[in-house]
Amino acid sequence: MTMPRTVPTAPLTVATVQATPTPGDVAGNAVRAADLIRQAGELGARVAVLPELFLCAYHPPALAADPAGTDVAADAAGVVADSRLDPLRAAAREAGVTALVGAAARHPDGRRTIAALVVDRAGAVRVGYDKQQLWGDERELFSAGGRGATLLVDDWRLALGICYDGCFPEHGRAAALDGAHGYLCPSGYLAGSEHRRDLYYAARALDNTMFVVFSNAVGGVDPWRFNGGAAIYDPQGRVLARGADDGTAVLVATLDPAVLAATRAAHSMLADRLPDQGGPRMSMSG
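What counts, and where the lines are drawn
- Residues numbered from 1 in each chain as written.
- Predicted model: local features only at pLDDT ≥ 70, side-chain atom pairs only at ≥ 80, totals over all residues.
- Heavy atoms only, no water.
- Axes fitted to C-alpha atoms, helices over the stretch in contact; angles between N-to-C directions.
- Helix = DSSP H or I, 4+ residues; strand = E, 2+ residues; numbered from the N terminus.
- Parallel < 35°, antiparallel > 145°, perpendicular 65-115°, else oblique.
- Contact = heavy atoms within 4.5 Å.
- Nonpolar A, V, L, I, M, F, W, Y, C, P; charged D, E, K, R; others polar.
- Phe/Tyr/Trp six-rings, centres within 6.5 Å; stacked < 30°, edge-to-face > 60°.
- Buried < 20%, exposed > 50% of the residue type's maximum accessible area, 1.4 Å probe, protein only.
- 1 Å grid on protein atoms, 1.4 Å probe; cavity = no way out; pocket = protein on both sides within 12 Å on 5 of 7 lines; lining within 4 Å.
- Points joined across faces, edges and corners; volume = space filled by probe spheres on them.

- By the naming in an unreviewed UniProt entry, the chain is Amidohydrolase, taken from Micromonospora luteifusca.

What follows is the structure, given as structure tokens:
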């Protein structure tokens, strides 16, 4: 049975963002994202998480109509050289922030994925993770990713998920068993899904005694209107910061390794979990 690694040695301040991108406008949304990254840095964040597909907007009609214009191309190593993202590179360097930004990524083998781009503090951009669990009609536009991923920041292990991934307990559990201290989830939750939005990510935090950073799009026009509520949860699923259901926001919280250690000592599900759930299940009549 894999056991969680030791906790980090120092706190880490993170930001979660809710904002409204313009459908199809990668260059304009990159400028908007750069401003949000700078705001996060001014608030003391070292990591910032922006919503799912932020660079092109989660707007299937625009994504279907102009794949070439809405995608960013990655090379075989996952590096993205698109000049439209230069504002992101500059903002990350100047703010000293590692940013996770949602995009539609085109891979050399032709696959198109819902990706989390990592913009590091040196300004390099690469595909950090491709969404594994595609939701509904996303399957008509995108291919699913094939593996999990973890972002290493200082000595924090921050697992990556995207929206619907977080609805599957096993996705977060795989991250925790790989030693994740936190789970970063850029998302796009539509208006009307507030109950599920607020339940899933708090549950993933408590299930796995890890911090969760959930970002979300906000605003837009029906049926693609999003409901904000970006949040940061502690390892018991308690809210450290939460945005409203509308309006742009950059929210910060400090992830404390002492809280992580104390929670895992008191709530030892990761250590106590069975390697399996036993043999064939017993059935009985009532």
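This is not the end of the story, as more comes after the structure.
### Examining the packing of helix 1 (residues 26-42) against helix 4 (residues 86-95)
- As a packed pair, helix 1 and helix 4 sit with axes 8 Å apart at the nearest point and diverge in direction by 5°. Between helix 1 and helix 4, the angle falls in the class roughly parallel. On helix 4, the residues that touch Ala-30, Val-31, Ala-33, Ala-34, Ile-37, Arg-38 and Gly-41 of helix 1 are Pro-87, Leu-88, Ala-90, Ala-91, Ala-92, Glu-94 and Ala-95.
- Classifying every residue of the contact of helix 1 with helix 4 by side-chain character gives eleven nonpolar, one polar and two charged.

### Some points on the packing of aromatic side chains
- Evaluated as defined, the whole model comprises eight aromatic pairs.
- Pairing Tyr-58 with Trp-224 gives two aromatic rings, centres 6.1 Å apart and planes at 40°, and the pair type is tilted. Here Trp-224 lies in the loop between strand 10 (211-219) and strand 11 (226-227) and Tyr-58 lies in the loop between strand 2 (47-49) and helix 2 (60-65), a separation of 166 residues in the sequence.
- Residue classification places Tyr-58 among the buried residues on the basis of a relative accessible area of 8%.
- With centroids separated by 5.8 Å and ring planes inclined at 70°, the aromatic side chains of Tyr-189 and Phe-214 adopt a geometry described as edge-to-face. In this pair, Tyr-189 is assigned in the loop between strand 9 (182-187) and helix 7 (194-208) and Phe-214 in strand 10, connecting sequence segments 25 residues apart.
- Phe-214 gets classed as buried once you look at its relative accessible area, which sits at 1%.

### Observations regarding helix 4
- Listed as buried for helix 4 are Leu-88, Arg-89, Ala-90, Ala-91 and Ala-92.
- Where helix 4 is buried, its residues touch helix 1, strand 5 (112-119) and strand 6 (125-130).
- Downstream of helix 4 by a residue or two, Gly-96 has a phi angle that is positive, lying close to 65°.

### Description of the layout of surface pockets
- Size it by volume and the largest pocket reaches roughly 350 Å³.
- As for the largest pocket, its lining consists of 22 residues, of which Val-127, Gly-128, Tyr-129, Asp-130 and Arg-147 are closest to the centre.
- When residues of the lining of the largest pocket are traced back to their parent elements, those giving at least two are strand 6 and strand 7 (150-153).
- A total of five residues in the lining of the largest pocket trace back to one element, the largest contributor, which is strand 6.

### Description of the environment of Gln-277
- Along the chain, Gln-277 turns up in the segment after helix 9 (269-272).
- Residues Gln-277 and Leu-63, 214 residues apart in the sequence, show an inter-C-alpha distance of 43 Å.

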